[in-house]
Structure formats: structure tokens, C-alpha cells
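# Structural overview for review
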Amino acid sequence: MSGQRLLNLWTCAIITLLVQTTTAEVCDKPTSQVTPRTSQLTASSTASGLSVDYGVYDCCNTLSLGGWCHVTNRSDEWYDVRFTSAVNVTVVVLQQPYIAAGASPPTVTQFRLLYEDARDQFDVLTKYTYKNNGTDQEVIDAVYSNGQFILNLSTPVIARRIRIIVVNYTDRPCMRLDIRGCPVDMAPPDSSIPKVRFDPASSSGDLRLLCSASNLSYFAVDYLVTWYRNTEKVLEEKLTNDAVTSYLNVTADNFSSRQTHKCHVQACYQAFCSINATYSNGNSSHVYIPDIEITNKESLVLREGETTYVKVHATAPPYLLCTTAGQQLDCDITIVATSYDDNATM
């Protein structure tokens, strides 16, 4: 019997663990994820005298027109909200703009909802659809009650950005907006493969390598850059999303035994970087060593009577190439090419 009871206890523990894992992203108490910061809010256009900040829920109740309106009276204009972390979005609220008592407020009556999936690559927007009589619908009809339309998402989305695209409106395309949900502690996608190269601004007395990636500048994403010499960690630093290059100070002696250098870049959302440091797995650069590279294809075909060129590129100044080769700093560098006749018999 004791063995049976023990088995039941283990079974309960496993079931509890599975339930907790499955419901980890449930958002029971969604809160507003919109703050009136211009860096978080962007729009395709904004009417003269207004601001994207006016599009925040309950904003600007003392203005003659409190809300965001785009410039042209046409559909397909958009309003974006970016988050400082991944957010489990469960509710979208459109609010009519504030207007003087007795007047009819301009209202967005139809819209599309797009979101940037926090688990997907940056700058990829996905259309939100819902079922209407068994058919997938994209255009959402906004029916207001007490000046607002509340859309409870039947399928919540894990997003780092929400976009509202205006489809139809009365009088003028104007609105205020709230996005409600719960922040999710997860890592953003990794950067592109970083590259290490010699800093061309370096001098012989102040040498630096630099590590950079092509897609590091994203809203609310910070990075952890780790430098390695051979297999030893020599530097670790955090970069904000507006500082996209990391530098490593080096000396000629750091290459005297053909030591290699590389950097590893990991990403995190700013809201969680300093709390739990939830970083992505990251990407590593190629291994850097001062060298001369042929930038043509691996081999060149030269037929009799033809002329061709061999393109070479030095990844470091001559004195570092000399150091890497174990020579004096002022050594001579000679490039030797080998040719052969592919028709020759062996």
C-alpha cells in the first residue's frame, strides 16, 4: 500500500507541474501596457496640432480635440504601440477622442489589428483574425458603448508591437487606444551573426577590435556582448539598443602566438534585463586573426591570352600581420600565387 500511495503522490506532482507549465502565460489580470512616451508610440502620420501621445487612453480631456488623428481622410493609415518586453495581449480598447460637450466625436468604426509576434523575427507583422459564423474575419467592427469599444481577444497573442490600421470612420479618422495584457519574461530573437574586424580608427599605440551586427537597433532590446581570446573570456559588457558596437582593446602581443578573437552577442528585453537577465542563446562571430584574404572565388580560371585580377584584403595593418607571423613589426609582406594547368596529365 505504501508503494501505491507513493506512486499516487508522484503522479499528482507530475500533473501539477504540467498544469503550471501550460498556464504560465495565462493573463488573469491584464493591465494597460501603453504609456505616453513618443518612443513607444508611432504612426503613419499625425494631423497638424496633434501628437501621437494624444492617442493614449483617457488622454487630453482638456483639449478641444483630444486624440490621435492622421493627416489624410483615407483608410490604411496606422497607429503603433511598442512594448518594453513581450506582452500577452488579451484586450484592445478603442476610445473615442475627447471633444467639447454636445459635439459628435470623430470615430474609427472599422479597423484591422496586426501584431509583431514576440517569438518571431523583428519587423514581421501578423494579421489578427477572428471567427464570424465559422469564417475568418480580418476587419473588426467597432461598436461603442460609453465612448469605448472593448475587444477581448478570443486567442491572446504574445506580442512586442501592436498596430491598428484604420479601415473606416465617421467625420475624421481619430481615436484613443489602450492595449491590456501581462508582460512575459522571455528572450527576444537573436541578432544576426556578428562580425569582428580591426577598428580602422586604431593607431599602433591604441589598438581595438570591434564587434557589430546588422540588426541590433530595436526598441527596448538590449544586448550582452562577450569577447573571447582563444577560449578565455576577456570582456563582457551590456549595450543598450542605441549603442550597437562593442570594442575590445588589444595589443600586438595579443597576436604574437596567433591568438584568435571572437565575440558572442545575446539579446534581452529591457523590462527584464536588469531583473532576471533572461537572455537569448545568442550568436557567435567568426574567429578573427590578422590575415590576408582573397576576396575572389576560391579558385580562378585563367585561359591563355586572358587577363584576370586577384583581389586581396588585409584584415589588419602590416605590423600586426608581421607580429602574427612571428616577425619584426617592419617585416616585408609578399603575396605568392600558385598556378597550374588543369589539362596537364598526372
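Conventions adopted
Residues numbered from 1 in each chain as written. Predicted model: local features only at pLDDT ≥ 70, side-chain atom pairs only at ≥ 80, totals over all residues. Heavy atoms only, no water. Helix = DSSP H or I, 4+ residues; strand = E, 2+ residues; numbered from the N terminus. Buried < 20%, exposed > 50% of the residue type's maximum accessible area, 1.4 Å probe, protein only. Contact = heavy atoms within 4.5 Å. Areas by Shrake-Rupley, 256 points an atom, 1.4 Å probe, with all protein chains shown as cover. Core = buried A, V, L, I, M, F, W, Y, C linked by side-chain atoms within 4.5 Å. Disulfide = S-S within 2.5 Å. Pairing = 2+ DSSP bridges. Polar contact = N/O pair within 3.5 Å; in protein donor to acceptor, adjacent residues only side chain to side chain. Salt bridge = Lys/Arg side-chain N within 4 Å of Asp/Glu carboxyl O. Phe/Tyr/Trp six-rings, centres within 6.5 Å; stacked < 30°, edge-to-face > 60°.

## What about the overall build of the protein chain?
Of the regular secondary structure elements, the protein chain holds 3 helices and 22 strands. Out of the 346 residues in the protein chain, the part that is buried amounts to 40%. Considering only residue pairs separated by 6 or more positions, the protein chain has 70% of its internal contacts joining residues 24 or more positions apart. Accessible area for the protein chain stands at about 19,900 Å²; split by element, carbon and sulfur atoms hold 50% of it.

## Here we look at the nonpolar core
Tyr-79, Val-89, Val-92, Leu-94, Phe-111, Leu-113 and Ile-179 are the most contacted members of the largest nonpolar core, which has 34 residues in total. Looking at this core, the element that brings in the most residues is strand β12 (residues 148–170), giving 9 residues. With residues up to four places along the chain from it excluded, the contact list for Val-92 reads Leu-113, Phe-149, Ile-150, Leu-151, Leu-153, Ile-164, Leu-177, Asp-178 and Ile-179.

## Notes on the environment of Thr-324
Structurally, Thr-324 can be placed in helix α3 (residues 318–324). For Thr-324, a relative accessible area of 5% translates into the label buried. When the C-alpha atoms of Thr-324 and Ser-256 are compared, they prove to be 5.1 Å apart, with 68 residues separating the residues in sequence. Among residues more than four places away in sequence, those in contact with Thr-324 are Phe-255, Arg-258, Ile-289 and Pro-290.

## A word on the environment of Leu-235
Structurally, Leu-235 is set in strand β17 (residues 232–239). Counting along the chain gives 10 residues from Leu-235 to Val-225, while the straight-line C-alpha distance between them is 8.1 Å. With residues up to four places along the chain from it excluded, the contact list for Leu-235 reads Val-225, Thr-226, Trp-227, Tyr-247 and Leu-248.

## Things to note about the state of the cysteines
Applying the stated criterion across every chain, the model contains 6 disulfides. For Cys-69, the disulfide goes to Cys-174, at an S-S distance of 1.9 Å. An S-S torsion of about 110 degrees defines the bridge between Cys-69 and Cys-174 as right-handed. Of this pair, Cys-69 sits in strand β4 (residues 68–69) while Cys-174 is found in strand β13 (residues 174–184), placing the two residues 105 residues apart along the sequence. Cys-174 carries the same exposure label as Cys-69, and that label is buried.

## Observations concerning the sheet that holds strand β16 (residues 221–229)
The 4 strands lie next to each other as β17-β16-β19-β20, forming an open sheet whose pairing is antiparallel. Edge positions in the sheet fall to β17 and β20 (283–284), since each has one partner strand and no second. Judged from the 9 bridges that link them, β16 and strand β19 (residues 261–269) form a sheet pairing that is antiparallel. Within β19, the residue paired with Tyr-223 across the bridge is Ala-267.

## What about the side chain of His-264?
Structurally, His-264 can be placed in strand β19. Classification of His-264 by relative accessible area gives buried; the value is 15%. At a separation of 3.4 Å, a polar atom in the side chain of His-264 contacts the main-chain carbonyl oxygen of Asn-283.

## Points about the pattern of salt bridges
Within the structure shown, the criterion is met by 10 salt bridges. Here Asp-117 and Arg-119 are joined by a salt bridge, their closest N and O atoms 3.2 Å apart. Given the relative accessible area of 17%, Asp-117 is considered buried. With relative accessibility at 53%, the residue Arg-119 sits in the exposed group. A salt bridge links Asp-178 to Arg-180, with the shortest nitrogen-to-oxygen separation between them at 2.8 Å. Residue classification places Asp-178 among the buried residues on the basis of a relative accessible area of 4%.

## Quick word on the packing of aromatic side chains
By the definition in use, this model includes 4 aromatic pairs. Taking the centre distance of 4.0 Å and the plane angle of 10 degrees together, the rings of Phe-122 and Tyr-218 count as stacked. Taken together, the residues Phe-122 in the loop between β7 (107–117) and β8 (125–127) and Tyr-218 in the loop between β15 (207–212) and β16 connect sequence positions 96 residues apart. By relative accessible area, which is 9% here, Phe-122 ends up buried. What makes Tyr-218 buried here is its relative accessible area of 18%.

## A short note on the pairing of β13
Most of β13 sits out of view: 9 of its 11 residues are buried. Sheet topology note: the strand β1 (residues 31–32)/β13 ladder contains 2 bridges and is antiparallel. Bridge pairing in β13 places Ser-32 opposite Arg-180. Inspection of the sheet shows β4 paired to β13 by 2 bridges, in the antiparallel sense. Bridge pairing in β13 places Cys-69 opposite Cys-174. Of the strand pairs in this sheet, strand β5 (residues 78–95) and β13 are connected by 9 bridges, and their pairing is antiparallel. Paired with Gln-95 across the two strands is Arg-176, which belongs to β13.

## Points about the side chain of Gln-95
Relative to the assigned elements, Gln-95 resides in strand β5. In this structure Gln-95 comes out as buried when scored by relative accessible area, which is 9%. Among the polar contacts listed, one links the side chain of Gln-95 to the backbone nitrogen of Asp-58, at a separation of 2.7 Å. Among residues more than four places away in sequence, those in contact with Gln-95 are Tyr-57, Asp-58, Tyr-144, Gly-147, Gln-148, Met-175 and Arg-176.

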